Amino acid sequence: MSDIREFIRAGRAELKATLIVSGGTLVNVASAEIYPADVAVYKDRIVAVGDVSDYRGPETEIVDATGYYLCPGMIDGHLHVECSKMSVTSFAKAVVPLGTTSIVSGLDQILVVSGLEGAREFLDEAKGTPLKIFWGAPCKTPYTLPRSNVGYYFGPDGHRATHSWPECVGIWETVREFVDMMDDHVMQAIEIAEKSRLPILGCSPMCRGHKLNSYLQSGVRSDHESYTADEMLEKLRNGVNVVIRESSISHFLTENLRIVTEMGIKATSRISFCTDDVVASDILKRGHLDNMVRMAIEMGIEPLTAIQMATINGAEALKIGQKVGSISPGLAADILLVRDIADFRVSAVIAKGKVAARDGKLVSDLAAPPRSRLVTNTFKVGKVSGDDLVVRAPDKKSTARVFTMAVTPEQIFVRKRRDVTLPVRDGLVEADVAQDVQYLTVVERYGKTKNRPVAFASGFGLRSGALATSTAPDDNNIVCVGTNLDDMTVAINTIIENNGGQAVVDGGEVKAFLPLPIGGIVSDIEPEEMAAKEEELDEAARALGCTLPWPFMYMFVLQITAIPDFAMTDLGAIDCVKLEVVDPLKMAL
């Protein structure tokens with residue numbers, strides 16, 4: 001209790017402030033007021049707001065905020081941080097200067113690769129950065145249905161072991177299908193959470209009517225998966241704290257905020273923000289949560305209300321409002337200096353009680369920690385050959401009728417069925433560039449099986465070559481889309497040889513490659529270098545004919561089975577409605 005006693009003494013000015021922010025105008029998201037106020041900070045906690053002259057001592061650092069608004073540090077309410085391909089340290093470099101000081105993440109991607117110890121490494125890494133990670137214990141991993149093969153399975157025993165972790169704030173990504181099926185592990189996780197007094201955080205895309213009523217019996221408190229304003233409104237009316245997602249590939253803010261701008265909803269305190277999946281190039285171009293605040297304001301949302309959506313609303317929805325979310329005594333000293341809240345550009349960031357960033361840059365170097373072999377030696381698979389990837393025709397005909405998983409630029413997560421007739425040569429079914437049909441495979445990389453199923457995809461537009469990635473939620477097995485087996489083999493083996501990455505191959509030559517040596521999913525490189533690599537990969541993919549706006553992001557979400565209609569895991573093609581493995585050839589007969 002020594003720290004609490006120390007802060008209590010600091011709160012009554014017996015111990016002087018380590019930092020004072022003076023001369024600013026406070027955006028009080030708790031009382032919905034804006035007025036002049038100074039802020040006193042002791043170590044990493046706010047101790048007083050208003051007249052703080054009694055808190056000033058000879059050693060107190062003074063931050064002059066004259067001409068600036070003081071806003072709370074922003075909170076990303078649902079983020080797969082590893083999907084940025086940046087390590088926790090690199091991600092902090094990207095988003096803290098933009099005003100994001102807290103994220104809520106399940107660290108589910110490193111969890112399936114390296115288990116609890118890997119997740120613990122990432123949480124400990126965050127302690128050395130200005131960024132806070134609030135950890136949501138995933139309802140179970142992997143999220144796939146049927147269950148695919150991964151390095152680590154998180155279940156009830158994992159919940160019992162981790163609910164006491166100080167970072168743990170709830171059961172995360174509680175997929176509706178698991179609740180609908182009354183999956184035993186998820187039911188146990190919910191029961192454990194009830195005993196731990198932790199909230200249930202949902203994941204229920206396109207869930208309405210009876211399905212929603214049934215789902216909410218699980219005790220779900222919040223949900224970040226609404227595809228339309230009508231869907232979000234129904235969830236809000238049924239008591240859910242709704243979280244608006246604006247990711248690099250899923251743009252829902254404009255649609256979802258119609259519940260306020262067009263449908264007249266006044267209960268804006270039940271609306272918060274998240275980004276879910278973002279990449280460096282998008283962050284550097286558009287911003288992070290600051291971009292969502294600006295977008296909301298441009299739609300007609302009052303600046304104070306938009307700031308609440310990025311701060312206190314998410315904190316209250318997640319039951320962490322006693323830690324973060326407002327500039328209040330007892331809360332984390334995360335404070336943003338903003339010149340004009342109607343434009344909302346962050347000029348300076350105080351995080352964990354220290355000036356962390358000015359004018360879009362961190363004020364000091366941030367070094368990544370040493371990495372253990374637990375997260376740097378995660379590939380347990382041998383090289384792949386072209387023979388591993390052939391698709392044998394069921395008969396001696398010269399053609400074969402198959403179904404493909406069709407992607408479109410308009411709906412990245414939704415894969416629709418498209419039946420096509422493909423040529424057969426020497427008893428093998430071939431992809432067909434003329435029909436925009438590519439091979440699609442997932443290579444299990446944890447050494448648990450020899451799984452290398454092959455199906456077909458369309459919509460990528462490849463005229464030649466292959467794309468491959470080892471960062472691919474929710475399994476992070478190797479996903480490869482290609483026009484021919486030779487280039488696919490080179491792409492897959494390049495990733496294996498480098499312990500992770502993303503590759504573009506054409507004519508047997510690696511045209512672009514991004515190493516991802518940490519868990520096969522992230523890297524410690526600078527955000528600017530990551531953005532440049534992303535652009536290089538996308539340009540190389542476009543040179544092969546790919547017409548999608550985010551080629552690798554469209555590919556790496558193909559393993560997600562929680563969203564209709566089809567997905568691809570190391571088990572094979574998955575019917576996401578029936579939740580079963582299907583044969584691409586037999587299904588089209």
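Residues numbered from 1 in each chain as written. Predicted model: local features only at pLDDT ≥ 70, side-chain atom pairs only at ≥ 80, totals over all residues. Heavy atoms only, no water.

If you check an unreviewed UniProt entry, the protein chain appears there as Adenine deaminase from Aquamicrobium soli. A UniProt comment under Sequence similarities (unreviewed entry) is attached to the protein chain, and it reads "Belongs to the metallo-dependent hydrolases superfamily. Adenine deaminase family." Per UniProt, the protein chain carries the Cofactor (unreviewed entry) text "Mn(2+)". (UniProt positions renumbered as here; feature names shortened; annotations may be inferred.)

Our next topic: the sheet that holds strand E18 (residues 354–358). Spatially, seven strands are ordered E3-E2-E7-E16-E17-E18-E19 in an open sheet, and the strand pairing comes out mixed. Looking at which strands have only one partner, the edges of the open sheet turn out to be strand E3 (33–36) and strand E19 (361–362). Two strands pair when backbone bridges link them, and strand E2 (residues 25–28) and strand E7 (residues 69–72) are joined in this way by two bridges, in the parallel orientation. Its bridge partner lying in E7, Leu26 is registered against Leu70. (Pairing = 2+ DSSP bridges. Helix = DSSP H or I, 4+ residues; strand = E, 2+ residues; numbered from the N terminus.)

On to the pattern of salt bridges. Two side chains of opposite charge can pair, provided their charged atoms sit close to one another. Enumeration according to the criterion identifies 35 salt bridges in this entry. Between Arg286 and Glu246 there is a salt bridge; the shortest N-O distance is 3.1 Å. Here Glu246 lies in the loop between strand E14 (241–245) and helix H9 (253–256) and Arg286 lies in helix H11 (residues 280–286), a separation of 40 residues in the sequence. Two residues, Glu539 and Arg542, come together in a salt bridge whose shortest N-O distance is 3.1 Å. Of this pair, Glu539 and Arg542 both sit in helix H17 (residues 527–543), three residues apart, which is roughly one turn of the helix. A cluster of three or more residues bridged by salt bridges with shared partners is formed by Arg120, Asp124, Lys127 and Glu167. (Salt bridge = Lys/Arg side-chain N within 4 Å of Asp/Glu carboxyl O.)

Mapped onto this numbering, the UniProt entry annotates "domain: Amidohydrolase-related" (unreviewed entry) at residues 232–355. As annotated, residues 232–355 has a helix share of 35% and a strand share of 17%, and its two end C-alpha atoms lie 38 Å apart.

Moving on, we get to the pairing of strand E24 (residues 454–458). Within E24, five of the five residues are buried, which leaves it mostly tucked inside the rest of the structure. Across the two faces of E24 the burial is the same, with Val454, Phe456 and Ser458 and Ala455 and Ala457 all buried. Two elements, strand E20 (residues 399–408) and E24, share two bridges in a ladder whose sense is parallel. Bridge pairing in E24 places Ala406 opposite Ser458. (Buried < 20%, exposed > 50% of the residue type's maximum accessible area, 1.4 Å probe, protein only.)

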